[in-house]
Amino acid sequence: MSAAQPAGTTGLAPWVRELLRCPVTGATLVDGVGPGGQPELVSTDPDRPLAYPVRDGIPVLLADEARPVPQV
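Everything quoted here is computed from the prediction, not taken from an experiment. (Residues numbered from 1 in each chain as written. Predicted model: local features only at pLDDT ≥ 70, side-chain atom pairs only at ≥ 80, totals over all residues. Heavy atoms only, no water.)

### Overview of the pattern of salt bridges
Thought 1: Going through the model one piece at a time under the given rule, you end up with three salt bridges.
Thought 2: In this structure, Arg67 and Glu40 form a salt bridge, with 2.6 Å as the shortest nitrogen-oxygen distance. Taken together, the residues span a long stretch of sequence, with Arg67 in strand β5 (residues 67-68) and Glu40 in strand β2 (residues 39-43) at a distance of 27 residues.
Thought 3: For Glu40, a relative accessible area of 4% translates into the label buried.
Thought 4: In this structure, Arg55 and Glu65 form a salt bridge, with 2.8 Å as the shortest nitrogen-oxygen distance. Taken together, the residues Arg55 in strand β3 (residues 50-55) and Glu65 in the loop between β4 (58-59) and β5 connect sequence positions ten residues apart.
Thought 5: Look at Arg55 and you get partly exposed, because its relative accessible area is 43%. (Salt bridge = Lys/Arg side-chain N within 4 Å of Asp/Glu carboxyl O. Helix = DSSP H or I, 4+ residues; strand = E, 2+ residues; numbered from the N terminus. Buried < 20%, exposed > 50% of the residue type's maximum accessible area, 1.4 Å probe, protein only.)

This is the structure we're talking about:
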């Protein structure tokens, strides 16, 4: 992670994030922070929210890598 990228952020340009979609639900993705403080992208699907890791600034948008997000 570079000094210009704060901890817990994906570092993706907004226009890049706008192009990306959840591969499972097709929902848009927003920046999030995982349980351990790592950056992730979180789907906005209200019925099946999933979080995807971002490793070394690269989103890992694989269904097998997704983590269910607890609904409140």
